[in-house]
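Now for the letters of each chain:
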Amino acid sequence: MEIDKIMQDLEKKHPGELEFLQAVREVLLSVKDIYNQHPEFEKAKIIERIVEPERVIMFRVPWVDDLGEVHVNIGYRVQFNSAIGPYKGGLRFHPSVNLSIMKFLGFEQTFKNALTTLPMGGAKGGADFSIRGRSDAEVMRFCQSFMNELYKYIGPNVDVPAGDIGVGGREIGYLFGQYKKLTNHWEGVLTGKGLEYGGSRIRPEATGFGALYFVNQMLQTRNIDLKGKTIAISGFGNVAWGAALKATELGGKVITISGPDGYIYDPSGLDAEKINYLLELRATGNDICQPYADEFAGSEFFAYKKPWECKADIYLTCATQNELNGEDAETILAQNPLCVAEISNMGCTAEAVDKFVAAKMLFAPGKAVNAGGVATSGLEMTQNSIRLTWSESEVDEKLHYIMHSIHEQCVQYGRQPDGYIDYVKGANIAGFMKVAHAMMAQGIV
């Protein structure tokens with residue numbers, strides 16, 4: 001495999017798609033050696049096929065605000081790879097959404113889903129729409145207009161979208177209602193639904209819960225106990241909420257959360273009261289950090305700064321892609337931490353990842369550590385298919401098993417001759433090999 005040649009060709013085909021190209025390069029660097037041991041992959045052009053989405057759907061989304069003004073956004077669905085199952089991946093409503101980000105997320109989702117042990121292909125979608133400051137009625141009209149086009153390309157055995165940034169329970173409800181209206185079918189076509197109409201227990205918290213199960217297993221490889229360790233977290237969406245909740249439950253002390261306005265440092269750590277207060281703040285749609293600092297004595301607000309400057313034992317990215325760069329990595333490494341995990345998708349830049357791996361840091365890549373969310377979405381699909389609802393303990397038990405299996409796969413392919421476990425390499429190879437073998441079995445399609 002000639003990585004530079006492949007990347008040059010991709011850059012010509014997809015100029016300016018920086019996030020997508022970054023994601024592809026990381027995977028290619030990880031799988032190069034094992035790929036070269038399989039000449040049948042080269043003959044079938046597995047790499048050339050796996051880096052291109054099977055289908056890219058783009059469409060306009062016209063909608064009317066409460067004042068009667070017409071707006072037009074761009075909608076996307078990138079159906080990247082269906083070799084091991086129907087397309088599966090979230091919908092993101094955020095002004096930053098563009099084709100590059102959708103393709104990077106769909107590419108990453110392909111391998112993440114392969115790691116879960118569940119039969120799910122990779123996809124991603126969304127729109128450059130911001131829910132911030134919009135009324136419920138405006139969000140509903142937007143979701144209905146978005147689904148008016150998307151419904152043609154999805155289905156329980158074709159493509160099952162979920163939520164992501166900007167798409168929570170409210171948005172999923174509106175999307176599902178419109179799909180049902182358009183098709184006259186009640187089916188498990190979306191995950192992240194409310195419990196009243198086919199949703200799964202612990203789905204909103206699942207990404208954060210699964211991430212802490214994975215981090216805990218990483219620490220155990222070095223005989224380290226999570227209990228009593230300080231944890232710096234970014235963001236406070238569902239991912240950060242779930243991570244903070246489970247970290248606290250396991251005896252860790254979460255000392256930071258952040259928002260667009262900066263971050264909070266709380267040396268006494270989050271507890272149930274503080275987490276519930278943050279959820280109330282978040283529901284208002286406004287910034288959360290300054291009000292938190294005003295409410296809880298001893299906490300401090302740092303405007304427009306990142307939590308990575310705080311000293312902690314464990315650092316977890318939970319906000320968005322590339323939120324932790326090379327300079328941040330050096331700041332973290334200087335604190336001599338135990339572990340770093342990118343719970344947000346591609347939360348670290350390539351430079352930051354290289355620095356953590358070079359330092360032999362316990363470092364978990366997003367496609368492994370944050371797979372608990374899509375895994376629980378897969379469990380929701382199963383519950384919908386068999387028309388049953390599992391208890392919270394049943395779902396949590398299955399989530400535990402899946403995260404344990406992902407960790408085992410990473411260790412199997414990522415253990416280096418000196419004993420260091422390169423989780424980036426392990427996750428990429430494990431996911432790639434499963435998808436590649438499925439593609440080989442199905443011919444040139």
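As a reminder, the structure under discussion sits directly above these lines.
Reference entry: report on the structure contained in this document. (Residues numbered from 1 in each chain as written. Predicted model: local features only at pLDDT ≥ 70, side-chain atom pairs only at ≥ 80, totals over all residues. Heavy atoms only, no water.)

## Examining the environment of L99
Part 1: Of note, L99 is situated in helix 5 (residues 99-115).
Part 2: For the pair L99 and G75, spaced 24 residues apart in sequence, the C-alpha separation works out to 9.6 Å. (Helix = DSSP H or I, 4+ residues; strand = E, 2+ residues; numbered from the N terminus.)

## Quick notes on the side chain of T207
Part 1: Here T207 is to be found in helix 8 (residues 206-220).
Part 2: Residue classification places T207 among the buried residues on the basis of a relative accessible area of 12%.
Part 3: Leave out the neighbours within four places in its chain, and T207 touches V239, I343, V369, N370, G372 and G373. (Buried < 20%, exposed > 50% of the residue type's maximum accessible area, 1.4 Å probe, protein only. Contact = heavy atoms within 4.5 Å.)

## Side note on helix 15 (residues 372-386)
Part 1: With 15 residues, helix 15 extends 21 Å between its outermost C-alpha atoms, agreeing within 8% with the 21 Å of an ideal straight helix rising 1.5 Å per residue.
Part 2: The buried fraction of helix 15 is high, at 12 of 15 residues.
Part 3: Within helix 15, the full set of buried residues consists of G372, G373, V374, A375, T376, S377, G378, L379, E380, M381, Q383 and N384.
Part 4: Where helix 15 is buried, its residues touch strand 3 (87-93), helix 5, strand 5 (159-162), helix 8 and helix 16 (392-414).
Part 5: Within two residues after helix 15, R387 carries a phi angle of roughly 55°, on the positive side. (Expected span 1.5 Å × (residues − 1).)

## Some details on the packing of aromatic side chains
Part 1: By the definition in use, this model includes 23 aromatic pairs.
Part 2: Aromatic side chains F129 and F142 sit 3.9 Å apart centroid to centroid with 5° between the ring planes, which places their arrangement in the stacked category. Within this pair, whereas F129 is found in the loop between strand 4 (121-127) and helix 6 (136-150), its partner F142 is found in helix 6, the two being separated by 13 residues in sequence. Each member of the pair F129 and F142 is classed as buried.
Part 3: By way of ring pairs, the aromatic residues F59, W63, F93, F129, F142 and F146 are connected into one cluster.
Part 4: For the cation-ring pair, K103 lies above F20, with the distance from its terminal atom to the ring centre recorded as 4.5 Å.
Part 5: Here the basic side chain of K274 rests over the ring of F296, its NZ or CZ set 5.7 Å away from the ring centre. (Phe/Tyr/Trp six-rings, centres within 6.5 Å; stacked < 30°, edge-to-face > 60°. Lys NZ or Arg CZ within 6 Å of the ring centre and 35° of its normal.)

## Re a nonpolar patch on the surface
Part 1: Residues V56, M58 and I74 make up a contiguous nonpolar surface patch of about 240 Å² in total accessible area.
Part 2: With respect to the secondary-structure elements, I74 resides in strand 2 (residues 70-81).
Part 3: According to the relative accessible area criterion, I74 is partly exposed, its value standing at 36%. (Patch = residues over 30% accessible without salt bridge, like charges linked within 9 Å, V, L, I, M, F, W, Y side chains within 5 Å. Areas by Shrake-Rupley, 256 points an atom, 1.4 Å probe, with all protein chains shown as cover. Salt bridge = Lys/Arg side-chain N within 4 Å of Asp/Glu carboxyl O.)

So, to be careful, I would describe these as geometric facts and stop short of saying anything about function.
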